[in-house]
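Reading the structure
This is what each chain is made of:
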Amino acid sequence: MNILVCNAGSTSLKFKLYDMPSEAVLAECRIERVGDGNGGLFSYKNEQKGIAVTEEQKVIPDYEAGIRAFLALLTSREQGVIGGHSDIYAVGYKTVLSKGHYGVHVIDDAVLAGMEDYLVVAPAHNTFYLQAIRTFQKIMPATPMVGVFETAYHQTMPKEAYLYSTPYEWYEKYGLRRYGYHGASHSYVADCLTKRLGYEYKAVSCHLGGSGSLTAIENGKSVDTSFGFSLQVGLPQMSRAGDIDPYFIFYLMKEEGFTIDQVEQDLQKRSGILGISGVSNDLRDVEKAAPQNERAQLAIDIYCREIVRYIGGYAAIMGGLDAIAFTGGIGENSATVRGKVLSHFGYLGLRLAGREASRGEVSTLTAEDSPLKVFVIPANEELGIARQVAAMRL
Ligand code: AMP
């Protein structure tokens, strides 16, 4: 069965077509700078025949043009891998949040309405998935669309992990609770850990990338996570604040004349690694600047300290820790961040093997006899989504 996975960003679209259950990637496509009059990258690859089509500056005015260009290649005689749209069993989306629908759902009007309802909580994500889904529905009306919501994996959290200490009716009436995100990534990490460690283990999955979250995993299931109701809390992000004292907001508005939009913009665009360092929202730039720049070093120190604080807290809640897993652009590539974080876990018996992570494959960084294992797991959220769509009865 062919499952198409769609990942939609503000100006980018990524697709992978899987043959399931073999998990073979048949084709993939990446489109960048959608809507930019100067054009952007359009890259398509037929993985079966090794045929690649790359245009560095293809003008893609909107999502519909991008999706149609991809589907035309996918079904073409020369470069294609399928005969027509009907060969796609379902389209799976890395959707984020829909009010009332937190798991894996066939997308119908109610699911779309739930996404609209929560636009204010996840504006940077829901907007683009709504666009992508509606475009696919128009082009392929007979194909089932499945939303693998980023909240799905965290549905196993116990109530004491997802409730905040606010008036109880905020939860009952308005649904204000921790939902957690990055579910496709953390569940893929959990699958990898289960393969390596068997079914009984306690671990923390650290998804560190453009946005970052940590998840406490017990026997494959999420029991706590650092994202909350929104994706604005938890770890400092590249330009988003992460955890703050909410009274900052009241103070700035009541005493310093900020509008709600100004505060929101500052918390989303001028905070986090960028806010502290004043250098960049790309950690590579900040790492480069750190030896000569106190604030850049401080940004890295704060980031790592927060990661340590979460891992330590989760270890205490779970009553032990068998593994730490790093994934995402930073988790996979930054030996600086990993090294700084791991230097705190000698007290749990951690013994590193002195080897580096190898690119593109699961690496074990700890010595054979280390009671606490450390893995670097290349993120593969798309495969996580394809697996969950394949498991559905459509
Ligand atoms: P992602 O969102 O998972 O694609 O990750 C993007 C983030 O990974 C960016 O902030 C990059 O700065 C960061 N990143 C990628 N490679 C490296 C590296 N070698 N060292 C430090 N950060 C990196």
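Residues numbered from 1 in each chain as written. Predicted model: local features only at pLDDT ≥ 70, side-chain atom pairs only at ≥ 80, totals over all residues. Heavy atoms only, no water.

Put simply, helix H11 (residues 294–318) and helix H13 (residues 335–342) touch, their axes get as near as 9 Å, and they point 50 degrees apart. With respect to H13, the element H11 is oriented oblique. In this structure, the crossing between H11 and H13 has a hand that is right-handed. For the pair H11 and H13, the contacting residues are Gln297, Ile300, Asp301, Tyr303, Cys304, Ile307, Val308 and Ile311 in the first and Val337, Lys340 and Val341 in the second. In terms of residue class, the contact of H11 with H13 is built from 8 nonpolar, 1 polar and 2 charged. (Axes fitted to C-alpha atoms, helices over the stretch in contact; angles between N-to-C directions. Helix = DSSP H or I, 4+ residues; strand = E, 2+ residues; numbered from the N terminus. Parallel < 35°, antiparallel > 145°, perpendicular 65-115°, else oblique. Left-handed = near helix turned anticlockwise from the far one by under 90°. Contact = heavy atoms within 4.5 Å. Nonpolar A, V, L, I, M, F, W, Y, C, P; charged D, E, K, R; others polar.)

As for its placement among the helices and strands, Val121 is situated in the loop between helix H2 (109–117) and helix H3 (123–139). A relative accessible area of 10% means that Val121 is categorised as buried. Put simply, Val121 and Ser230 are 109 residues apart on the chain and 5.8 Å apart in space, counted from C-alpha to C-alpha. Non-local contacts of Val121, meaning those with residues more than four positions away in its chain, are made with Leu97, Tyr181, Phe229 and Ser230. (Buried < 20%, exposed > 50% of the residue type's maximum accessible area, 1.4 Å probe, protein only.)

Moving on to the state of the cysteines. Taken as a whole and assessed by the stated rule, the structure comprises 0 disulfides. Free cysteine: Cys6, not disulfide-bonded; nearest cysteine sulfur from Cys29 at 10 Å. Of the residues examined, Cys6 reaches a relative accessible area of 0% and is grouped as buried. Residue class for Cys29 comes out buried when judged on its relative accessible area of 4%. (Disulfide = S-S within 2.5 Å.)

Sheet strands associate in pairs through backbone hydrogen bonding, adopting either a parallel or an antiparallel arrangement. An order of E11-E10-E9-E12-E14-E13 is seen for the 6 strands of this open sheet, with the pairing classed as mixed. Edge positions in the sheet fall to strand E11 (221–225) and strand E13 (363–364), since each of these pairs with one other strand and no more. Pairing of E13 with strand E14 (residues 373–376) involves 2 bridges; the strand directions are antiparallel. Bridge pairing links Thr364 to Phe375 in E14. Seen against the sheet, helix H6 (residues 183–197) touches strand E9 (202–208), strand E10 (212–218), strand E12 (323–327), E13 and E14 and runs at an angle of roughly 135 degrees to E12. (Pairing = 2+ DSSP bridges.)

This paragraph deals with a nonpolar patch on the surface. A contiguous nonpolar patch, built from Ile276, Leu298 and Ile302 and spanning about 210 Å² of accessible area, is present on the exposed surface. Along the polypeptide, Leu298 turns up in helix H11. (Patch = residues over 30% accessible without salt bridge, like charges linked within 9 Å, V, L, I, M, F, W, Y side chains within 5 Å. Areas by Shrake-Rupley, 256 points an atom, 1.4 Å probe, with all protein chains shown as cover. Salt bridge = Lys/Arg side-chain N within 4 Å of Asp/Glu carboxyl O.)

Attention now goes to the site of the ligand. Close to the ligand lie Gly209, Gly210, Met238, Asp282, Leu283, Arg284, Glu287, Gly328, Gly329, Ile330, Asn333 and Ser334. Measuring from an oxygen atom of the ligand, one finds a backbone N or O atom of Gly210 at 2.8 Å. In the model, an oxygen atom of the ligand is placed 2.3 Å from a nitrogen or oxygen of the Asp282 side chain. Counting residues per element, the ones that place at least two in the shell around the ligand are helix H10 (283–289) and helix H12 (328–333). The dominant element in the shell around the ligand, judged by the number of residues it contributes, is H12, at 4 residues. (Near = heavy atom within 4 Å. Polar contact = N/O pair within 3.5 Å; in protein donor to acceptor, adjacent residues only side chain to side chain.)

The next thing to look at is the pairing of strand E2 (residues 13–19). Within E2, 5 of the 7 residues are buried, which leaves it mostly tucked inside the rest of the structure. Here strand E1 (residues 2–8) pairs with E2 via 7 bridges, running antiparallel. Each bridged residue has a counterpart across the sheet, and for Val5 the counterpart in E2 is Lys16. In this structure, the hairpin formed by E1 and E2 is closed by a connection of 4 residues. Note: E2 against strand E3 (residues 24–31), 7 bridges, orientation antiparallel. When the sheet's bridge partners are listed, Lys14 is paired in E3 with Arg30. What sits between E2 and E3 in their antiparallel hairpin is a turn of 4 residues, with Glu23 showing a positive phi close to 70 degrees.

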